[in-house]
Amino acid sequence: MIFDQCEVAIIGGGPIGVEMAITLERLGVDYILFEAAQVGDAFMKWPPQTHFFSTPEHVALAGIPVHNLDQRSITGEQYLAYLRMLVEMFDLNLHNYEPVEAIRPYPEQFHVQTRHRTGLRTYACRYVVMATGGMAGPRLLHIPGEDLPHVTHYFPGPHPYFRTRLLIVGGRNSAVEAALRCWRVGASDIAISYRRPDFNYERIKPHLSGDLKDRLEKGEITFYPSTVPVEITPGYVTLASTEDGRTPNDRTFRHEMDFVYLATGFAANMNLFEETGVQLTGVEKAPVFDPETMETNVPRLFVAGTAAGGTQERFTYFISTSHDHVAKITKAITGIVPTKLGTVSARNNAVTWEEVKAN
Ligand SMILES: Cc1cc2nc3c(=O)[nH]c(=O)nc-3n(C[C@H](O)[C@H](O)[C@H](O)COP(=O)(O)OP(=O)(O)OC[C@H]3O[C@@H](n4cnc5c(N)ncnc54)[C@H](O)[C@@H]3O)c2cc1C
């Protein structure tokens, strides 16, 4: 039984799903924005008080600037407030806590099946936009002890680590930032194990890289380059050397610690794409799509945002590089190119309803 219907089902209430919804709302296109959890769920998984690498204009949506008090990069929490403000401002048709579990393509429409808290629901819609993002779960190492209680993939902030010994695995911004914050709150011993021979300082936030170099030079943080963990126990982690940044060799040693933070990143879950018949390529399971329209091999099913990169071993899709996905999909569905996207000022690009209808 069909519970409801709409022209476009947008799946995923992250920044790009929200920007897609605002764009359709402005054009008067009937849509539903389905979100498995809460709007901006990815930002609730960020460590508390983490700042964007991107500056505010790079994360602005739908032409509405991100104003803040100091004009610097905002935090995940500030962005959550911005996203909620957008939902309220446009009164978006958001169905939160309603994950989409299946999409069945028919010649003229899709049946989108969700799990509402009251039971399964089926919606009929003509188009589907998959904006499901790239942070469905942590990138697991699949080593013994990874699931022990003193091991986490989600950094809870520095406070739990006062006067404890912490081993951090990883060498990108999340690992470096956690190490510095924990050192400042008085962790008694911090070590970083990274599979590469050195940090890529160009890709580390500028204010962190100088600080890190200083701590390493002074021996305040221990660095184990070209190592990977092969086993975690309650008292120690066994680290092995690696030549290729991936495969452990026989040279191992034990590092004693109280806690382990595996800052190994996150990965998308591409199952819904696969089950709907979308062609996926490579180890990253990136969906195949027409770069002019973002339409996949399943007619009228589009991909937008970081989901376009699949599990993205190396990040190529960010918020700022995904605005044009919204533009292309809107054009493919309505024939209209939206003028208010990303950081474009709303004041300078007002499109009237008369103009929309005339188009
Ligand atoms: C510490 C950290 C720092 C970062 N810094 C930056 C930065 O500086 N700049 C930048 O651009 N990016 C940064 N990122 C990445 C950023 O989080 C992503 O670029 C951004 O979230 C992508 O937006 P999106 O809308 O494509 O997907 P997401 O924000 O991941 O949103 C996807 C949404 O889809 C929902 N969803 C998934 N499956 C379903 C389903 N079946 N049904 C319904 N809903 C579903 C999810 O719950 C989620 O809310 C950072 C990430 C981390 C972890």
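Residues numbered from 1 in each chain as written. Predicted model: local features only at pLDDT ≥ 70, side-chain atom pairs only at ≥ 80, totals over all residues. Heavy atoms only, no water.

Participant: Would you mind showing me how to read the overall build of the protein chain here?
Facilitator: Regarding its fold elements, the protein chain presents 9 helices and 19 strands. The C-alpha radius of gyration computed for the protein chain amounts to 22 Å, which stays within 12% of the reference 21 Å derived for 359 residues, consistent with globular compactness. Judged by the C-alpha coordinates and their principal axes, the protein chain covers about 70 × 45 × 40 Å. The buried share of the protein chain, reckoned over its 359 residues, is 50%. Taking all contacts inside the protein chain whose residues are at least 6 apart in sequence as the whole, residues at least 24 apart take part in 61%. Just so you have it, the protein chain exposes about 17300 Å², and 52% of that area is on carbon and sulfur atoms. If you average the places of the 33 positive and of the 41 negative side-chain charges in the protein chain, the two averages end up 2 Å apart. (Helix = DSSP H or I, 4+ residues; strand = E, 2+ residues; numbered from the N terminus. Rg over C-alpha atoms; globule rule 2.2 N^0.38 Å. Buried < 20%, exposed > 50% of the residue type's maximum accessible area, 1.4 Å probe, protein only. Contact = heavy atoms within 4.5 Å. Areas by Shrake-Rupley, 256 points an atom, 1.4 Å probe, with all protein chains shown as cover. Lys, Arg positive; Asp, Glu negative; His and termini not counted. Charge placed at Lys NZ, Arg CZ, Asp CG, Glu CD.)

Participant: Looking at this structure, how should I read the site of the ligand?
Facilitator: In the neighbourhood of the ligand, 29 residues make up the surrounding shell, with E35, A36, F53, S54 and T306 lying closest. Separating a nitrogen atom of the ligand from a backbone N or O atom of A36 is a distance of 2.9 Å. Starting from 990 Å² of accessible surface for the ligand in isolation, the protein chains cover 86%. Contributions of two or more residues to the shell around the ligand are made by α1 (15-27) and α2 (41-45). The dominant element in the shell around the ligand, judged by the number of residues it contributes, is α2, at 3 residues. Split by residue class, the shell around the ligand holds 17 nonpolar, 10 polar and 2 charged. (Near = heavy atom within 4 Å. Polar contact = N/O pair within 3.5 Å; in protein donor to acceptor, adjacent residues only side chain to side chain. Nonpolar A, V, L, I, M, F, W, Y, C, P; charged D, E, K, R; others polar.)

Participant: Please clarify how the side chain of H255 should be interpreted in this entry.
Facilitator: You can see H255 is positioned in strand β14 (residues 248-256). Accessibility expressed as a relative area gives 8% for H255, which makes it buried. In terms of polar contacts, H255 uses its side chain to reach the side chain of Y224, at 2.9 Å. Not counting chain neighbours up to four residues away, the residues in contact with H255 comprise L167, D189, A191, Y224, G235, Y236, V237 and L239.

Participant: Explain unusual backbone geometry to me, please; I cannot follow it from the model alone.
Facilitator: With the exception of glycine, the majority of residues adopt a negative phi angle, and the majority of peptide bonds are in the trans configuration. At M294, a position not held by glycine, the phi torsion is positive, near 70°. Within the secondary structure, M294 is located in the loop between β18 (286-287) and β19 (301-303). Its relative accessible area of 1% is what places M294 among the buried residues. For R300, which is not glycine, the phi dihedral falls at a positive 70°. On the secondary structure map, R300 appears in the loop between β18 and β19. The class of R300 is buried, set by a relative accessible area of 11%.

Participant: In this structure, what is going on with the nonpolar core? I would like to understand it.
Facilitator: Across soluble globular proteins, you tend to see nonpolar side chains buried next to one another. One finds V8, Y79, L92, I103, V112 and V128 to be the most contacted residues of the largest nonpolar core, which totals 66 residues. When near neighbours in sequence (up to four residues on either side) are disregarded, I103 contacts I11, F110, H111, V112, V128, M130, L272, T276 and L301. (Core = buried A, V, L, I, M, F, W, Y, C linked by side-chain atoms within 4.5 Å.)

Participant: Got a minute to help me understand the pairing of strand β12 (residues 227-232) in this structure?
Facilitator: Strand residues, when the strand is regular, have side chains that alternate between the two faces of the sheet. Of the pairings in the sheet, the one linking β12 to strand β13 (residues 236-242) comprises 5 bridges and is antiparallel in character. Looking across to β13, one finds that V228 is bridged to A240. Taking the residues between adjacent antiparallel strands as the criterion, β12 and β13 are bridged by 3 residues. (Pairing = 2+ DSSP bridges.)

Participant: Looking at this structure, how should I read the pairing of strand β10 (residues 189-193)?
Facilitator: Within β10, 4 of the 5 residues are buried, which leaves it mostly tucked inside the rest of the structure. Pairing between strand β9 (residues 165-169) and β10: 5 bridges, direction parallel. Among the inter-strand pairings, L166 is bridged to a residue of β10, identified as I190. In this fold, β9 hands off to helix α5 (residues 173-184), which returns the chain to β10; that crossover is right-handed. Judged from the 3 bridges that link them, β10 and strand β11 (residues 222-224) form a sheet pairing that is parallel. Looking at β11, one finds that A191 is bridged to T222. In terms of handedness, the path from β10 via helix α6 (residues 206-217) over to β11 forms a crossover that is right-handed. (Right-handed = clockwise from strand over helix to strand, strands pointing away.)

Participant: For this particular structure, what's the right way to read the sheet that holds β10?
Facilitator: What links the strands of a sheet is backbone hydrogen bonding, and the strands pair in either a parallel or an antiparallel sense. Taking strand neighbours across the sheet as the criterion, the 5 strands line up as β8-β15-β9-β10-β11 in an open arrangement whose pairing is parallel. At either margin of the open sheet sits one strand with a lone partner, and together these are β8 (151-152) and β11.

Participant: Where do I start with the domain arrangement of the protein chain in this structure?
Facilitator: Taken domain by domain, the protein chain holds domain 1 (4-136 + 266-358) and domain 2 (140-262). With centres defined by C-alpha atoms, the gap from domain 1 to domain 2 works out at 34 Å. Of the residues lining the interface, 11 residues belong to domain 1; the matching set on domain 2 comes to 15 residues. Buried area between domain 1 and domain 2, both sides added, is near 1000 Å², and the carbon and sulfur share of it is 48%. Linking domain 1 to domain 2 there are 2 residue pairs in polar contact (both at pLDDT 80 or more). Looking at the side of domain 1 that touches domain 2 residue by residue, the class counts come to 5 nonpolar, 3 polar and 3 charged. (Domains from an automatic or database assignment. Buried area = accessible area lost by both parts, 1.4 Å probe.)

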